[in-house]
Structures are given as C-alpha cells and as structure tokens.
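So you can see what is in the structure, the chains are spelled out below.
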Amino acid sequence: MSLPKCSPMVDTPDGVHLSVWVQPGARRSECAGFHDGAVKLRVVARPQDGAATTEAIELLARLIGVRVTDVRLLRGRTSRRKVVKIRGATADAVRRRLETAIGK
C-alpha cells in the first residue's frame, strides 16, 4: 500500500512533521494504513496518563529507524489526531519506511 496523494507529512529544515491518528486499546501495536489524511497507528496501551501517546511515539521511532528522542509530539497530547516532528529525517525516507511497515 502506498501513501495517499495528500501526504500526511511535510519536510521542514530540520526534519519531518507527520500527522498520525492513534487508535488505543488494540490487540497489537502496528502501522495500520491511513485514516482521514493521517498515518494510522494502532497501539495496545489505553489512553490513560499519556500511555497511548508514548507508545505511538515509540512505535513510530522503531518503524522509521530513529531514536525515540528524535520523535517529538507537536500537537494532540490528548487527542487521537496528533502531529509529531521527526528530527533528522526526510519525507522520502519516512515514506519508504512507512510503506514497508504497512505492506507487512
């Protein structure tokens, strides 16, 4: 599966801003495609005390191949829709990694 034409990511001078949709309480943590113009992440954690957000950031870092400290939440601390910044990455690199993860 490839990314939709309206890409959920934007290159910035020091990384990439990525729109994500987090579905907490899943059976397993995974990248599940797209939802409403954002990358859809399913996470096992419940949305309590930021656990689902933390797990989503850790999952993104693992999928993209960067350190957890390189993924920072910009917007959406308590919302399912979030925007994260991935420091030191390019949109092309992130796109390739996510397409690989979705294709599994």
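Residues numbered from 1 in each chain as written. Predicted model: local features only at pLDDT ≥ 70, side-chain atom pairs only at ≥ 80, totals over all residues. Heavy atoms only, no water.

Observations concerning the nonpolar core
Phase 1 of the analysis: Core analysis: the biggest nonpolar cluster contains 26 residues, and L18, C31, L41, L60, I86, V94 and L98 have the highest contact counts within it.
Phase 2 of the analysis: For this core, the secondary-structure elements that each account for two or more residues are β2 (15–23), β4 (38–42), α1 (51–64), β6 (81–87) and α2 (91–103).
Phase 3 of the analysis: Leave out the neighbours within four places in its chain, and L41 touches V20, W21, V22, Q23, E30, C31, A56, L59, L60 and L63. (Core = buried A, V, L, I, M, F, W, Y, C linked by side-chain atoms within 4.5 Å. Buried < 20%, exposed > 50% of the residue type's maximum accessible area, 1.4 Å probe, protein only. Helix = DSSP H or I, 4+ residues; strand = E, 2+ residues; numbered from the N terminus. Contact = heavy atoms within 4.5 Å.)

Re the pairing of strand β5 (residues 71–75)
Phase 1 of the analysis: Across four bridges, β5 lies against β6 in antiparallel orientation. Its bridge partner lying in β6, L73 is registered against V84.
Phase 2 of the analysis: In this structure, the hairpin formed by β5 and β6 is closed by a connection of five residues, where G76 is found at a positive phi of approximately 95°. (Pairing = 2+ DSSP bridges.)

Here's the deal with the pairing of strand β3 (residues 30–35)
Phase 1 of the analysis: Strand direction decides the pairing type here: β3 and β4, joined by four bridges, are antiparallel. Along β4, the bridge assignment pairs E30 with R42.
Phase 2 of the analysis: Hairpin connection, β3 to β4: the antiparallel pair is bridged by two residues, and D36 has positive phi, about 50°.

Some remarks on the confidence of the model for the protein chain
Phase 1 of the analysis: For the protein chain, per-residue confidence averages 90 on the pLDDT scale, and residues scoring 70 or more make up 93% of the total.
Phase 2 of the analysis: Looking over the protein chain, one finds the lowest element-wise mean pLDDT in α2, namely 88, and the highest in β5, namely 97.
Phase 3 of the analysis: Low pLDDT, under 50, characterises residues 1–5; the predicted model gives this stretch 12 contacts beyond four residues in sequence or across chains. (pLDDT = per-residue confidence, 0-100.)

A few points about the packing of α1 against α2
Phase 1 of the analysis: Running from N to C, α1 and α2 point in directions that differ by 100°, and their axes come no closer than 9 Å. In terms of orientation, α1 and α2 fall into the roughly perpendicular class. Touching L60, L63 and I64 of α1 are V94, R97, L98 and A101, all from α2. (Axes fitted to C-alpha atoms, helices over the stretch in contact; angles between N-to-C directions. Parallel < 35°, antiparallel > 145°, perpendicular 65-115°, else oblique.)

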